Amino acid sequence: MTTSPTTKDTAAQDLPAGTSPVYANMHRWIQRVTLICLVALVIEGAFTLPFMAVYYGYPTLSLTQICSELRKIQYSDDTQECQVPYPIFGPPEGAQAKNKAQDQWGVQPTPGYHRLGFRELVRIHNDRAAREAAQHGAPK
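Residues numbered from 1 in each chain as written. Predicted model: local features only at pLDDT ≥ 70, side-chain atom pairs only at ≥ 80, totals over all residues. Heavy atoms only, no water.

(A) A look at the state of the cysteines. A full pass over the atoms with the stated rule returns one disulfide. With its sulfur 1.8 Å from that of its partner, cysteine 67 forms a disulfide with cysteine 82. On the sign convention where negative is left-handed, the bridge of cysteine 67 and cysteine 82, at about -75° about the S-S bond, is left-handed. Of this pair, cysteine 67 sits in helix α3 (residues 63–75) while cysteine 82 sits in the loop between α3 and α4 (120–137); the two residues are 15 residues apart in sequence, bridging distant segments of the chain. Judged by relative accessible area, cysteine 82 falls into the buried class, the value being 11%. (Disulfide = S-S within 2.5 Å. Helix = DSSP H or I, 4+ residues; strand = E, 2+ residues; numbered from the N terminus. Buried < 20%, exposed > 50% of the residue type's maximum accessible area, 1.4 Å probe, protein only.)

(B) Representation of the nonpolar core within the structure. Counting residues in hydrophobic clusters, the biggest one holds eight residues: Tyr56, Leu61, Ile66, Ile73, Leu116, Leu121, Val122 and Ile124. Of all the elements in the fold, those that place two or more residues in this core are α3 and α4. When residues in this core are grouped by element, the largest group, three residues, is from α4. Excluding residues within four positions of it along the chain, valine 122 makes contact with Tyr56, Gly57, Thr60 and Leu61. (Core = buried A, V, L, I, M, F, W, Y, C linked by side-chain atoms within 4.5 Å. Contact = heavy atoms within 4.5 Å.)

(C) Representation of unusual backbone geometry in the model. Residue valine 84 is joined to proline 85 through a cis peptide bond whose omega torsion reads -10°. Here proline 85 shows up in the loop between α3 and α4. Not every positive phi belongs to a glycine, and serine 76 is a case in point at roughly 50°. By relative accessible area, which is 36% here, serine 76 ends up partly exposed. Even without being a glycine, arginine 119 presents a positive backbone phi close to 55°. Along the polypeptide, arginine 119 turns up in the loop between α3 and α4. Owing to a relative accessible area of 24%, arginine 119 belongs among the partly exposed residues under this scheme.

(D) Region of interest: the environment of aspartate 103. Mapped onto the elements of the fold, aspartate 103 is located in the loop between α3 and α4. Placed 28 residues apart in sequence, aspartate 103 and tyrosine 75 show a C-alpha to C-alpha distance of 8.7 Å. A polar atom in the side chain of aspartate 103 sits 2.9 Å from the backbone nitrogen of glycine 112. (Polar contact = N/O pair within 3.5 Å; in protein donor to acceptor, adjacent residues only side chain to side chain.)

(E) A look at the pattern of salt bridges. The final tally for this structure, using the stated rule, is six salt bridges. The shortest N-O distance in the salt bridge between arginine 128 and glutamate 69 comes to 2.3 Å. Taken together, the positions of arginine 128 in helix α4 and glutamate 69 in helix α3 put the pair 59 residues apart, joining distant regions of the chain. Between lysine 100 and aspartate 77 there is a salt bridge; the shortest N-O distance is 3.1 Å. Within this pair, whereas lysine 100 is found in the loop between α3 and α4, its partner aspartate 77 is found in the loop between α3 and α4, the two being separated by 23 residues in sequence. Accessibility expressed as a relative area gives 45% for lysine 100, which makes it partly exposed. Among the ionic contacts, a cluster of salt bridges with common partners joins Glu69, Asp78 and Arg128. (Salt bridge = Lys/Arg side-chain N within 4 Å of Asp/Glu carboxyl O.)

These results come straight from atomic positions and should not be treated as a statement about function.
What follows is the structure, encoded as structure tokens:
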């Protein structure tokens, strides 16, 4: 059984640009796998963020406070705050404090901060608030 040249030309015209008929099936499977992976990443992100927020202390701290506490720990600088909403043409987030971070850079960078435990940001935030209240409340 032979196919006519017009059938082959029609089949080749239906393929996306750059796809030869030999690899058409492989390209279809790559597209399907890629789409499945992208959907899985979106679903994973949708479930991960709420759990991370609760892990860091969401009901007690707002998302902005969690962000600010994480930046203070990451850059070893108590003046770091998250700006909400962030300015559109502002500098990259953390650019002001990048030299204050106590990380050890190399082939395998080592962060200079400790690993956070469950709801440890709440304790750190409360300790920082108590220190600031003691500083401002102390007689001069």
